[in-house]
Amino acid sequence: MENMYLLVGSYATPQEEGIKVYAWDNEKGEATYVSGLTGISNPSYQVVSADGERVYSVGEDDGLTSTAHALSFDKANGKLTLMNTQLTQGGAPCYINISPNGKSVITANYVGANISVIPLETSGRLNENVRTFAFEGEGVVKERQSQPHLHCVEFTPDGRFLLANDLGTDKIHVFPLNSEGNLDEANTFDVDLEPGSGPRHICFSKDGRFAYLINEISGKVTTLSYDGKGLKPIQYIESDTVNAQGSADIHLSPDGKFLYASNRLKADGIAIFSVDNQTGLLTKVGYQLTGIHPRNFIITPDGRFLLVACRDSNLVQIFARDEKTGLLVDTGKKIETSKPVCLKFM
């Protein structure tokens, strides 16, 4: 596998290098600093375009200062350049994605109780004609679910639906995409989850038949079947067993045999599950302790390494992955950087 760039987003002031670029050596399992970008307040989550030439980042501020940013990436020298910025019109955007047709980016706005759809110009810049889609309701955990809290916007692998995970109401809001790839707001529907779940991030099996959702408050992983028309929960299994109520991120190994989920606030670490590829069901096989507050994590495309952004330890931990057992081994190698929360390979 050829070497790659690693993008690290963080909580930072505009004066700090909130997004850093590293050269990733996959043979050694090591990263070397290349460059950093200043000028964005709290660039906590990024998405990379399919060609690797553009990066879109949130600016996770509350209220009217919440932003989305278009960046160009020079593969030759590993440097990011800010192209332009738009207000999201929704507070605390914490997730950003690119539509399947490549014509817009969508943010999940945690405090705004909405999602934002921002058109893209042919240059890749963000257009000013931002649309928001708002939600209503609350959940049973009053101190955490007094309003909708949108935490993730992900597309089904077949490009038929946008899923907006709502931690505040224990629902996945589902938007069909029309023939032009735009949201069909007239035919939306919801997938209801266990009360007090707090749905956060979601990922799909390679064949698209199953989805796996990490619930922040309940600490459970929900397995869902997907038939091209809708999602149906078929399993709930504990990732966090100590009621920390801080589960965060979820990813499948490249071969689809193992699932990983991060948990914060107590017993910080990564839960490890084996996957039955026929039924989609999970079996817990291990737990790997990490640094403090493991947020986003990422697996190398060849499956050899798993990297964890440990926000409050101010480092990215590098684990070797046993492809037969799914278990992790701390390599002792790390990237020391301030408040990392998002990892993306380019």
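Residues numbered from 1 in each chain as written. Predicted model: local features only at pLDDT ≥ 70, side-chain atom pairs only at ≥ 80, totals over all residues. Heavy atoms only, no water.

Caption draft 1: How the structure looks around the sheet that holds strand E8 (residues 93-98). Here we have four strands laid out as an open sheet, ordered E8-E9-E10-E11, and antiparallel in their pairing. Taken across any chain shown, the strands that pair with only one partner, and hence form the sheet edges, are E8 and strand E11 (131-134). Neighbouring strand axes in the sheet, compared pairwise and without regard to direction, differ in orientation by 20° on average. As judged from the six bridges shared by strand E9 (residues 104-109) and strand E10 (residues 114-119), these two strands associate in the antiparallel manner. For Val105, the partnering residue across the bridge sits in E10 and is Ile118. (Pairing = 2+ DSSP bridges. Helix = DSSP H or I, 4+ residues; strand = E, 2+ residues; numbered from the N terminus. Axes fitted to C-alpha atoms, helices over the stretch in contact; angles between N-to-C directions.)

Caption draft 2: Structural detail: the pairing of strand E13 (residues 161-166). Most of E13 is tucked away: six of the six residues are buried. In E13, alternate side chains face the same way, and those of Phe161, Leu163 and Asn165 on one face and Leu162, Ala164 and Asp166 on the other are all buried. Inspection of the sheet shows E13 paired to strand E14 (residues 171-176) by six bridges, in the antiparallel sense. When the sheet's bridge partners are listed, Leu162 is paired in E14 with Phe175. Where E13 hands over to E14, the hairpin turn is made up of four residues, of which Asp170 adopts a positive phi near 60°. (Buried < 20%, exposed > 50% of the residue type's maximum accessible area, 1.4 Å probe, protein only.)

Caption draft 3: Representation of the state of the cysteines in the model. The final tally for this structure, using the stated rule, is zero disulfides. Cys152 provides the cysteine sulfur closest to Cys94, a residue in no disulfide bond, and the two sulfurs are 8.4 Å apart. Summary of cysteine pairing: Cys310 is not part of a disulfide, and the nearest cysteine sulfur, belonging to Cys342, is at 14 Å. Here Cys310 falls in the buried class, since its relative accessible area comes to 0%. (Disulfide = S-S within 2.5 Å.)

Caption draft 4: Representation of the layout of surface pockets within the structure. What the largest pocket holds in volume is close to 1,100 Å³. What lines the largest pocket is a set of 34 residues, among which Tyr95, Glu154, Cys203, His251 and Lys344 lie closest to the centre. For the lining of the largest pocket, the secondary structure elements donating two or more residues are strand E4 (46-48), E8, strand E12 (150-155), strand E16 (199-204), strand E20 (247-252), strand E24 (294-299) and strand E28 (340-345). By residue class, the composition of the lining of the largest pocket is 20 nonpolar, nine polar and five charged. Size it by volume and the second largest pocket reaches roughly 270 Å³. Together, 16 residues line the second largest pocket, and Ser104, Val117, Gly181, Asn182 and Leu183 are the ones closest to its centre. Elements with a contribution of two residues or more to the lining of the second largest pocket: E9, E10 and E11. Taken together, the residues of the lining of the second largest pocket break down into seven nonpolar, six polar and three charged. (1 Å grid on protein atoms, 1.4 Å probe; cavity = no way out; pocket = protein on both sides within 12 Å on 5 of 7 lines; lining within 4 Å. Points joined across faces, edges and corners; volume = space filled by probe spheres on them. Nonpolar A, V, L, I, M, F, W, Y, C, P; charged D, E, K, R; others polar.)

Interpretation note: all reported values are geometric properties and have no functional meaning in isolation.
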